[in-house]
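Summary of structural features
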Amino acid sequence: LVSDFARARAEWQEVLRLARRTGDRHAEGGALVAMGQASCLNHKFGQALEDSRQATEIARTIDAPSIHAGSLLNEGFVQLVTGRLTEAWTTFDQTLLLSRQANDRISEATALVFVAELESWEGHYARAAQVYDEGIQLGRAHNALIPVFEGVFMAASRARAHERPL
């Protein structure tokens, strides 16, 4: 699988430009979340955080918890992959709260998979397996590819790691 995250970000920038031109704050916030996600996946973490902070500001202004949850997912991902695990726990807890408040099952499923990753890294493997399963099942029920692929990949990787002889 090869992705062009720079191109994806550029295309979302066009959506952002149109949203700003028309004054559609909801579309603006959504575009910034998507731009932040593309930047995360392209390992442009500073840009991802800047996009997500702008989306959070908009979400708070227009009372859009789903946009806020999406921006927090990006921030939490950056914290997770850069080793700021305590911050990531806090961010994903906030994400779960907001996504559940907004009935945003895709953000909730994605956050659950990342929480499972944190549980696993802390050695809580049984809890991690439960949370992976919850996130994967929720993602499947709502046709959300990211939590399903990420959750299945990470859960399978963990299972294989524990099967290897020392």
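Residues numbered from 1 in each chain as written. Predicted model: local features only at pLDDT ≥ 70, side-chain atom pairs only at ≥ 80, totals over all residues. Heavy atoms only, no water.

1. Some words on the confidence of the model for the chain
Considering every residue of the chain, the mean pLDDT works out to 89; 86% of them sit at 70 or more. Taken element by element, the chain is modelled with least confidence in helix α8 (residues 145–163), mean pLDDT 59, and with most confidence in helix α3 (residues 45–62), mean pLDDT 97. (pLDDT = per-residue confidence, 0-100. Helix = DSSP H or I, 4+ residues; strand = E, 2+ residues; numbered from the N terminus.)

2. As for the packing of helix α6 (residues 105–121) against helix α7 (residues 125–141)
Close contact between α6 and α7 brings their axes to 8 Å; oriented N to C, the two are set at 160 degrees. With respect to their mutual orientation, α6 and α7 come out roughly antiparallel. The handedness of the crossing between α6 and α7 is left-handed. In contact with R105, E108, A109, L112, V113, V115, A116, E117, E119 and S120 of α6, α7 contributes Y125, R127, A128, V131, Y132, E134, G135, I136, L138 and G139. Within the contact of α6 with α7, the residues separate by chemical class into 11 nonpolar, three polar and six charged. (Axes fitted to C-alpha atoms, helices over the stretch in contact; angles between N-to-C directions. Parallel < 35°, antiparallel > 145°, perpendicular 65-115°, else oblique. Left-handed = near helix turned anticlockwise from the far one by under 90°. Contact = heavy atoms within 4.5 Å. Nonpolar A, V, L, I, M, F, W, Y, C, P; charged D, E, K, R; others polar.)

3. Details of helix α4 (residues 65–81)
Between the first and last C-alpha of α4 there are 24 Å, a value that for 17 residues agrees with the 24 Å anticipated at 1.5 Å per step. The buried count for α4 comes to 15 of 17 residues, which makes it a mostly enclosed element. Positive backbone phi, at 80 degrees, marks G83, one or two positions downstream of α4. (Expected span 1.5 Å × (residues − 1). Buried < 20%, exposed > 50% of the residue type's maximum accessible area, 1.4 Å probe, protein only.)

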